[in-house]
Amino acid sequence: MPITIQAQFESAVTKANEDIFVGSYIENGITIIEFDTRKRNYKEITKTKIKWNDYYTIDIKELSTMYCPIIYRFIIAQGNYYNKIGEREFFTPKIDEVSMSQHVSKSVIRLSGYLAVNCGVSLRNIATIFTYLFLIAVTKSSIKRWLDDIGNNLPSEEELLKQMIVIKSPTECHIDGYYPLGTNNCVMVVKDEYDRILITHEANSENKEDAIKFLNKIKSLGINIIYAFSDYSKSFTGAIKEVYPNVKFQADHFHTIKNIWKHLKKAYLNFRKEIKDSINNCKPKHNQAAIEELAKELWDLRWVVLKKPCNLSAEEQSKLNLLEQKDTDGFVKGFRSIIKNIVSIFDKSDSEASAKSKLRTLRERVANADNEHYNKILRFFEENWEVATNYLKADGTNRRSSNSESGMRLLRRLEKNHDGIRSEVTRKNYIKIYQVIKYLNNSDIADFIDNPLPDG
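This is a predicted model, so every value here is computed, not measured.

**A closer look at the side chain of Ser99**
- Tracing the chain through its elements places Ser99 in strand S8 (residues 98-99).
- Overall, Ser99 belongs to the buried group, its relative accessible area being 0%.
- In this structure, Ser99 is in contact with Ile60, Val104, Lys106, Ile449 and Asp450, ignoring residues within four places of it in sequence.

**So, the packing of aromatic side chains**
- Per the stated rule, a full pass over the model turns up 16 aromatic pairs.
- Ring geometry for Tyr268 against Phe335: centres 5.5 Å apart, planes inclined by 45°, an arrangement best described as tilted. Of this pair, Tyr268 sits in helix H8 (residues 253-277) while Phe335 sits in helix H12 (residues 331-347), and the two are 67 residues apart along the sequence.
- A relative accessible area of 1% means that Tyr268 is categorised as buried.
- Given the relative accessible area of 0%, Phe335 is considered buried.

**A few points about the sheet that holds strand S13 (residues 227-230)**
- Taken in spatial order, the 5 strands line up as S12-S11-S10-S13-S14 in an open sheet, and their pairing is mixed. Of all the strands in the sheet, the pair left with one neighbour each is strand S12 (197-203) and strand S14 (248-251). If you compare each strand with its neighbour and ignore which way they point, the axes differ by 20° on average.
- Here S13 pairs with S14 via 4 bridges, running parallel. Bridge pairing links Ala228 to Phe249 in S14.
- Its contacts with the sheet put helix H6 (residues 208-220) on strand S10 (172-178), strand S11 (186-191) and S12, and the angle it makes with S12 is roughly 150°.

**With respect to helix H4 (residues 140-153)**
- The terminal C-alpha atoms of H4, which comprises 14 residues, lie 20 Å apart, in line with the 20 Å expected from a rise of 1.5 Å per residue.
- Among the residues of H4, those classed as buried are Ser142, Ile143, Trp146, Leu147, Asp148, Ile150, Gly151 and Asn153.
- On its buried face, H4 is in contact with strand S9 (104-105), helix H2 (106-118), helix H3 (123-132) and helix H16 (424-438).

**Remarks on the packing of helix H13 (residues 352-369) against helix H14 (residues 372-388)**
- Orientation of H13 relative to H14, taken along the N-to-C sense of each, is 155°, at an axis distance of 9 Å. By the angle between their axes, H13 is roughly antiparallel relative to H14. Every pair of crossing elements has a handedness; the one defined by H13 and H14 is left-handed. Only Tyr374, Asn375, Leu378, Phe381, Glu382, Trp385 and Glu386 of H14 make contact with H13, whose side of the interface consists of Glu352, Ala355, Lys356, Leu359, Leu362, Arg363, Val366 and Ala369.
- For the contact of H13 with H14, the residue count by class is 9 nonpolar, 1 polar and 5 charged.

**Focus: the pattern of salt bridges**
- Per the counting criterion, the structure on display carries 27 salt bridges.
- The closest approach of N and O atoms between Asp148 and Lys144, which form a salt bridge, is 2.8 Å. Here the residue Asp148 and the residue Lys144 both occupy positions in helix H4, the gap between them amounting to 4 residues, near one helical turn.
- Through salt bridges with shared partners, a single network forms among Glu157, Glu158, Lys217 and Lys428.

**A look at the sheet that holds strand S6 (residues 79-82)**
- Overall, antiparallel pairing links the 3 strands, which are arranged S3-S6-S7 in an open sheet. Either end of the sheet is taken by a strand with one partner, and the two such strands are strand S3 (51-52) and strand S7 (88-91).
- Two strands pair when backbone bridges link them, and S6 and S7 are joined in this way by 4 bridges, in the antiparallel orientation. Bridge pairing in S7 places Asn80 opposite Phe90.

Definitions and limits used
- Residues numbered from 1 in each chain as written.
- Predicted model: local features only at pLDDT ≥ 70, side-chain atom pairs only at ≥ 80, totals over all residues.
- Heavy atoms only, no water.
- Helix = DSSP H or I, 4+ residues; strand = E, 2+ residues; numbered from the N terminus.
- Buried < 20%, exposed > 50% of the residue type's maximum accessible area, 1.4 Å probe, protein only.
- Contact = heavy atoms within 4.5 Å.
- Phe/Tyr/Trp six-rings, centres within 6.5 Å; stacked < 30°, edge-to-face > 60°.
- Pairing = 2+ DSSP bridges.
- Axes fitted to C-alpha atoms, helices over the stretch in contact; angles between N-to-C directions.
- Expected span 1.5 Å × (residues − 1).
- Parallel < 35°, antiparallel > 145°, perpendicular 65-115°, else oblique.
- Left-handed = near helix turned anticlockwise from the far one by under 90°.
- Nonpolar A, V, L, I, M, F, W, Y, C, P; charged D, E, K, R; others polar.
- Salt bridge = Lys/Arg side-chain N within 4 Å of Asp/Glu carboxyl O.

Interpretation note: all reported values are geometric properties and have no functional meaning in isolation.
Here is the structure:
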């Protein structure tokens, strides 16, 4: 048997429309909160008496955490009055904090945008959350329509970028690209030193010509770039040099290590293959069993052997020590020395001179090892030393890692959770919504659900 409990209730809608509140009641198991727009004081509009036409009601759905759904019922009528020169003017009262076109409160719109774009929740799951948790029966297509309307009504991506520049003017360009699910096109993304996604550009492929157009577009908006970051893609490095010839360029540290580690991995797996191939040629049999065990341990511990020294647990270090003892050829010990040397170049150098000193030590170790994959690491250093260690120079960049990879992760998460965003328009709308929520705190996406606001 239901019980009655009286409690205060406040929401953005009740607060914004407190002056026209009429009362509340239960109707068919739904909590109705009623407002009458005719009760509002319209003296700012007219000094004369207002006449009202026939009224009608509009029901607005609200998020409910109670047992019953919540609906705001607004009594609306068109009013008319005589202005100062005796002409009759008509008006319809404005209602704050609700969407008259979608028949939901703006809180519902805000939560939809935040869950879909910032949190990457799929539209289907959002519809389920609204239906069962907040007692609002809504469909996936309805939420998509809300987001499309908001994105289409928001200012252009160039105008939003100008607004972000006013808040914080960027001096760094972190550029990268990825291929979205369901398309063969490349989406180029630029972030800044404040970890903000500034703008995106879709092209048929990752190429220098499109990258140049993209960067020129950013340059035309008045962004003064001093530092630039990207991976080792010739499309991006070439475009950066052409558009910003005087910029200080730093190759992303993640991609630097990725290029080095692939040669280390090949060297290690090649050694393990040689051990495994020598099993059949080994005599007597008890030595063959020892080599089989060594080959198995080399495989089982491959990711441990490739780890940075500082990331090893005590248990992993103990396993490595035992593996070094079993490896009579001394490869594992030498391999770990190479890794420590490479790590020290980047993590334990406070100047370019210090890094070069450690590079000389690495050359000596590689020469003694006589390994083709180690030699490829040296060639990589020779070809990319300047851009890989620019952050160590006194007049170089102030960091070694690019922010662009985090932008890629955000977009990939959206792609995955939304089963692929195949439309360029939808993708740009999502990014614009993300920018407004995340970077332009003075803007409210719910204000764009019904009507577009002019740029600027």
